Amino acid sequence: QVQLVESGGGLVETGGTLKLSCASSRRIASFNFVGWYRQAAGKEREMVARMTDGGRREYADNKEGRFTISKDNGRNIIYLNVANLKPEDTAVYYCYAADVTPPRTFWGQGAQVTVSS
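Quick notes on the rules
Residues numbered from 1 in each chain as written. Predicted model: local features only at pLDDT ≥ 70, side-chain atom pairs only at ≥ 80, totals over all residues. Heavy atoms only, no water. Helix = DSSP H or I, 4+ residues; strand = E, 2+ residues; numbered from the N terminus. Rg over C-alpha atoms; globule rule 2.2 N^0.38 Å. Buried < 20%, exposed > 50% of the residue type's maximum accessible area, 1.4 Å probe, protein only. Contact = heavy atoms within 4.5 Å. Areas by Shrake-Rupley, 256 points an atom, 1.4 Å probe, with all protein chains shown as cover. Disulfide = S-S within 2.5 Å. Polar contact = N/O pair within 3.5 Å; in protein donor to acceptor, adjacent residues only side chain to side chain. Pairing = 2+ DSSP bridges. Axes fitted to C-alpha atoms, helices over the stretch in contact; angles between N-to-C directions.

### Comments concerning the overall build of the chain
Of regular secondary structure, the chain possesses 0 helices and 11 strands. Seen in sequence order, the chain has helices and strands lined up from the N terminus as β-β-β-β-β-β-β-β-β-β-β. Against the globule reference of 13 Å for 117 residues, the chain gives a C-alpha radius of gyration of 14 Å, in line with a compact fold. With respect to the three principal axes, the spread of C-alpha positions in the chain is 45 × 25 × 25 Å. By the burial criterion, 43% of the 117 residues in the chain qualify as buried. A fraction of 53% describes how many contacts in the chain between residues 6 or more apart in sequence connect residues 24 or more apart. As displayed, the chain offers around 6300 Å² of accessible surface, 45% of which is attributable to carbon and sulfur atoms.

Below, the structure is given as structure tokens:
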């Protein structure tokens, strides 16, 4: 069973920067996709960003610019850097890693990010 463990969440002031990390128990280079979702209270989970195994970065609408996804294949860690944080960025952030064949998705436990206004 794959384990993904997030870290780096917390309370941040508006305009600040935060870097989330997600450590995988399996080689992240072996996944077809890795990425991040977030879920604010009372809202549906939404995609933030993902990377393909070829290194292509994809961002949800209005997420490119302030959000940057990266990964360290040697350390098996996925990162999400968020700049110029806004109160509406307050949410639980989940990392995931996915295989296409067979189709499987593994999730982290979530990291709370709270942005104070």
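### Overview of the state of the cysteines
One pass over the full model with this rule turns up 1 disulfide. Between the sulfur atoms of Cys22 and its disulfide partner Cys95 the distance amounts to 2.0 Å. The sign of the 55° torsion about the S-S bond sets the Cys22-Cys95 disulfide as right-handed. Note that Cys22 is positioned in strand β3 (residues 18-24) and Cys95 in strand β9 (residues 91-99), a separation of 73 residues in sequence. Using a relative accessible area of 0% as the deciding quantity, one classes Cys22 as buried. Given the relative accessible area of 0%, Cys95 is considered buried.

### Brief notes about the side chain of Arg66
Tracing the sequence through the fold places Arg66 in the loop between β6 (57-59) and β7 (67-72). A distance of 2.8 Å separates a polar atom in the side chain of Arg66 from a polar atom in the side chain of Asp89. Contact partners of Arg66, with chain neighbours within four places excluded, come to Asn81, Val82, Ala83, Asn84, Leu85, Lys86 and Asp89.

### Comments concerning the sheet that holds β7
Sheets are built from strands paired through backbone hydrogen bonds, the pairs being either parallel or antiparallel. Overall, antiparallel pairing links the 4 strands, which are arranged β1-β3-β8-β7 in an open sheet. Of all strands in the sheet, those with a lone pairing partner are β1 (4-7) and β7, marking the two edges. Neighbouring strand axes in the sheet, compared pairwise and without regard to direction, differ in orientation by 20° on average. Relative to strand β8 (residues 77-82), β3 is paired through 6 bridges, and the arrangement is antiparallel. Of the residues in β8, the one forming a bridge with Lys19 is Asn81.

### Details of the pairing of β1
Alternating residues of β1 divide into Leu4 and Glu6, all buried, and Val5 and Ser7, none buried. Direction of pairing for β1 relative to β3: antiparallel, over a ladder of 4 bridges. Bridge pairing in β3 links Ser7 to Ser21.

The values are spatial; any link to function lies outside them.
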